[in-house]
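Read off the chains here:
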Amino acid sequence: MDDHFTERVLQLVEQIPPGKVLAYGLIAEILQEGGPRQVGRVMALEGGGVPWWRVVRADGSLPPSHGVDAQVHYVEEGTPMKANGSAVDMSQALWRFED
């Protein structure tokens, strides 16, 4: 895996404010490199030291590996969730990244 890409992904994830999220694909779009799978791979292998719970699928759903651990962070940070609590409410929680 490209170390430069990995570093850029992790630096961007560190900037996501509490209570906000970005989708895997949006991270790739912002960085203009890779795609959702490449970002997911970086997060799976190297993302433990950054706020990984702030990276979700495009529909706001959580990968099974996030489970209860992510939910604790969402409650602590006041992240907007869909009514059933199974996914982040992307209309409210999406971070509007600007350079």
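Here, the structure is the one placed above.
Report on the accompanying structure. The structure presented is a predicted model; accordingly, all values stated were derived computationally and were not measured.

Regarding the overall build of the protein chain
Consideration 1: When helices and strands are counted, the protein chain shows five helices and two strands.
Consideration 2: Mapped from its N terminus to its C terminus, the protein chain presents α and β elements in the order α-β-α-α-β-α-α.
Consideration 3: Rg of the C-alpha trace for the protein chain: 12 Å, near the compact-globule value of 13 Å for 99 residues, within the 12% margin.
Consideration 4: Each of the three principal axes of the protein chain carries a C-alpha extent, and together these read 40 × 25 × 20 Å.
Consideration 5: By residue count, 41% of the 99 residues in the protein chain fall in the buried class.
Consideration 6: In the protein chain, of all internal contacts separated by at least 6 residues, the share reaching a separation of at least 24 is 62%.
Consideration 7: Surface accessibility of the protein chain: about 5700 Å² in total, with carbon and sulfur atoms responsible for 49%.

Regarding unusual backbone geometry
Consideration 1: For Q32, which is not glycine, the phi dihedral falls at a positive 55°.
Consideration 2: Accessibility expressed as a relative area gives 74% for Q32, which makes it exposed.

Focus: the packing of aromatic side chains
Consideration 1: What the rule picks out here adds up to one aromatic pair.
Consideration 2: Aromatic side chains W52 and W53 sit 5.5 Å apart centroid to centroid with 85° between the ring planes, which places their arrangement in the edge-to-face category.
Consideration 3: The class of W53 is buried, set by a relative accessible area of 11%.

Points about helix 1 (residues 3-15)
Consideration 1: End to end, helix 1 covers 19 Å across 13 residues, agreeing with the expected 18 Å (1.5 Å per residue, within 8%).
Consideration 2: Residues of helix 1 that are buried include every one of F5, T6, V9, L10, L12 and V13, and no others. Looking straight down helix 1, one finds that the buried residues subtend no more than 160° of arc, so they occupy a single side. Along helix 1, exposed side chains directed more than 90 degrees from the buried face belong to D3 and E14.
Consideration 3: Residues of helix 1 that are buried in the fold lie against strand 1 (22-23), helix 2 (24-31), helix 3 (36-46) and strand 2 (55-56).

Quick notes on helix 3
Consideration 1: Residues of helix 3 that are buried: V39, V42 and M43. Taken down its axis, helix 3 places every buried residue within 95° of arc, on the same side. In this structure, helix 3 carries R37, R41 and A44 as exposed residues pointing more than 90 degrees from its buried face.
Consideration 2: Summarising the contacts, the buried residues of helix 3 are in contact with helix 1, helix 2 and strand 2.

Some remarks on the environment of S65
Consideration 1: Residue position: S65 is located in the loop between strand 2 and helix 4 (67-77).
Consideration 2: By relative accessible area, which is 66% here, S65 ends up exposed.
Consideration 3: On a C-alpha basis, the gap between S65 and A44 in space is 9.4 Å, while along the polypeptide they are 21 residues apart.

Quick notes on the pattern of salt bridges
Consideration 1: Summed over the entire model, instances satisfying the criterion amount to two salt bridges.
Consideration 2: For the salt bridge of R54 with E77, the shortest nitrogen-to-oxygen distance reads 2.6 Å. In this pair, R54 is assigned in the loop between helix 3 and strand 2 and E77 in helix 4, connecting sequence segments 23 residues apart.
Consideration 3: Of the residues examined, R54 reaches a relative accessible area of 9% and is grouped as buried.

Parameters at a glance
- Residues numbered from 1 in each chain as written.
- Predicted model: local features only at pLDDT ≥ 70, side-chain atom pairs only at ≥ 80, totals over all residues.
- Heavy atoms only, no water.
- Helix = DSSP H or I, 4+ residues; strand = E, 2+ residues; numbered from the N terminus.
- Rg over C-alpha atoms; globule rule 2.2 N^0.38 Å.
- Buried < 20%, exposed > 50% of the residue type's maximum accessible area, 1.4 Å probe, protein only.
- Contact = heavy atoms within 4.5 Å.
- Areas by Shrake-Rupley, 256 points an atom, 1.4 Å probe, with all protein chains shown as cover.
- Phe/Tyr/Trp six-rings, centres within 6.5 Å; stacked < 30°, edge-to-face > 60°.
- Expected span 1.5 Å × (residues − 1).
- Arc of directions from axis to C-beta.
- Salt bridge = Lys/Arg side-chain N within 4 Å of Asp/Glu carboxyl O.

Functional significance is not addressed by these values, which are geometric in nature.
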